[in-house]
Amino acid sequence: ARMVNQQINSLARPIKWFSQPRLCRAERPQRGRLREFFQWNVDVIGSDSVLADAECIYTAIDYLRSVGLSGDDVVVKISSRSMLAALLLDMEFAREQLDTIYALLDKRPKVSEEAFGEMAAESVPDETLRGKLMEILAIGSTFEELDKFLARKKPSDRVQDEIFKLGTLFDLLKKMGVGDYCEFDIKIVRGLAYYTGPVYEIFDRKVPLRALCGGGRYDNLLKGLGGPNVPATGFGMGDVVLELMLAERGLLKSEEQKLDFFVIDARAEMFDKVLEITSELRSKGFAAGFSYKRMALGKQLRQAAGANAAAAVIVGQETVGDGQVVIKKMASGEQVAVDLTAFLEKPEQQEMWE
């Protein structure tokens, strides 16, 4: 928000930004929560349309879907701060009580029933109001349950307007093809005070873990930090819980480090040519390496195998005499002499040296 405020007048809206920073926090390390982590942030700034909220949620789901997590694996629990606020005001809560109630609800999944009851008694001393709050928390995970609850309460126009907006969000997500990932949960409020509208958290359906993603609409934050009154929405997804989920399902793929070519000097006086060939291969986008030490051919080949190189490029006497290098395929051990100039023009054409 601060960065956007600095450039707000020069940025075309809506502003769609993402970042993947390394973050740190004062935290007791525990399962799913570490002091140091990476986070993927996605934000749409400058649009008050529910489409912006839908696109952010879709983006999070689309990524999870791409790494193999289905609607049976994860669930996006969605609610709305503005809808809950309108409902609480309808039920005679004072506006100044709302932040206290949001903080209370955010702690609900993290404590026992008994502990939550004690916290509720402290946060909402009035027994009648506390009973109304518990009624709200008892609403199920569908709009039908919410409708049944409201049918007994004669909701105000502001409540009905907020429910319509939230229903529109669910309709859009269904049209985007991710409706089976999404579920209504009125208890989702998010802990940060700046959220103003739709809010959501993504959880593992099968294993009780912390949320792997959370976000929502924060229409007042830019203005609160000294900028113009510009609406915004977005989410953050950490790597810690996601890594646990993927590992437990066997979906965490190990990206093995690999070289395309390892360039070897058969004789020490050929090393300048090794550097030249390596640089040329790298300039064409290939991963190429060489030995820092001048060693016998056999030792360099072992180093190439240790570096998981697909092929070794051997620079020897034939390079000086005939302009050729020997390409050795590390997996099979096959090798062939090829024209160096032709090889460097199209190193990827393996049929040339197979």
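Please read these numbers as outputs of a predicted model, since none were measured by experiment. (Residues numbered from 1 in each chain as written. Predicted model: local features only at pLDDT ≥ 70, side-chain atom pairs only at ≥ 80, totals over all residues. Heavy atoms only, no water.)

> Please explain the pairing of strand S6 (residues 198-204) as it appears in this structure.
In summary, the side chains of a regular strand alternate between the two faces of the sheet. For S6, the tally of buried residues reaches 7 of 7 residues, placing the bulk of the element in the interior. Taking every second residue as pointing to the same face, both faces of S6 are buried, with Pro-198, Tyr-200, Ile-202 and Asp-204 on one and Val-199, Glu-201 and Phe-203 on the other. Where strand S4 (residues 74-80) lies against S6, 7 bridges are found, and the strand directions are antiparallel. Along S6, the bridge assignment pairs Ile-78 with Tyr-200. (Buried < 20%, exposed > 50% of the residue type's maximum accessible area, 1.4 Å probe, protein only. Helix = DSSP H or I, 4+ residues; strand = E, 2+ residues; numbered from the N terminus. Pairing = 2+ DSSP bridges.)

> Is there a simple way to think about the packing of aromatic side chains in this case?
We describe a pair of aromatic rings using the distance from one ring centre to the other and the angle between the two ring planes. In this structure the tally under the stated criterion is 10 aromatic pairs. Between the aromatic rings of Trp-40 and Tyr-63, the centroid separation amounts to 5.5 Å while the plane-to-plane angle is 65°, which identifies the pairing as edge-to-face. Of this pair, Trp-40 sits in strand S3 (residues 36-45) while Tyr-63 sits in helix H2 (residues 50-66); the two residues are 23 residues apart in sequence, bridging distant segments of the chain. Ring geometry for Phe-271 and Phe-290: centres 5.9 Å apart, planes at 65°, overall edge-to-face. Taken together, the positions of Phe-271 in helix H11 (residues 271-283) and Phe-290 in strand S10 (residues 288-290) put the pair 19 residues apart, joining distant regions of the chain. In textbook terms, an aromatic cluster arises when at least three aromatic residues are bridged by ring pairs, as seen for Trp-40, Tyr-63 and Phe-235. (Phe/Tyr/Trp six-rings, centres within 6.5 Å; stacked < 30°, edge-to-face > 60°.)

> Honestly, helix H8 (residues 157-175) in this entry has me stumped. Any pointers?
One full turn of an α-helix is made of 3.6 residues, so residues set three or four places apart face in the same direction. Over its 19 residues, H8 runs 27 Å from end to end, which matches the ideal 27 Å to within 8%, given 1.5 Å per residue. Among the residues making up H8, those that are buried are Val-159, Glu-162, Ile-163, Leu-166, Gly-167, Leu-169, Phe-170, Leu-172 and Leu-173. Packing partners of the buried residues in H8 comprise H2, S4, helix H3 (81-90), helix H7 (143-151), strand S5 (182-184) and S6. Directly after H8, the chain includes Gly-177, whose backbone phi takes a positive value near 85°. (Expected span 1.5 Å × (residues − 1). Contact = heavy atoms within 4.5 Å.)

> I would appreciate a short explanation of the environment of Cys-56 in the present structure.
Within the element layout of this structure, Cys-56 appears in helix H2. Residue classification places Cys-56 among the buried residues on the basis of a relative accessible area of 1%. Taking C-alpha positions, Cys-56 is 6.1 Å from Gly-234, a pair spaced 178 residues apart along the chain. Here Cys-56 is in contact with Val-42, Val-44, Tyr-200, Thr-233, Gly-234 and Phe-235, once residues within four sequence places are set aside.

Geometry only, nothing functional implied.
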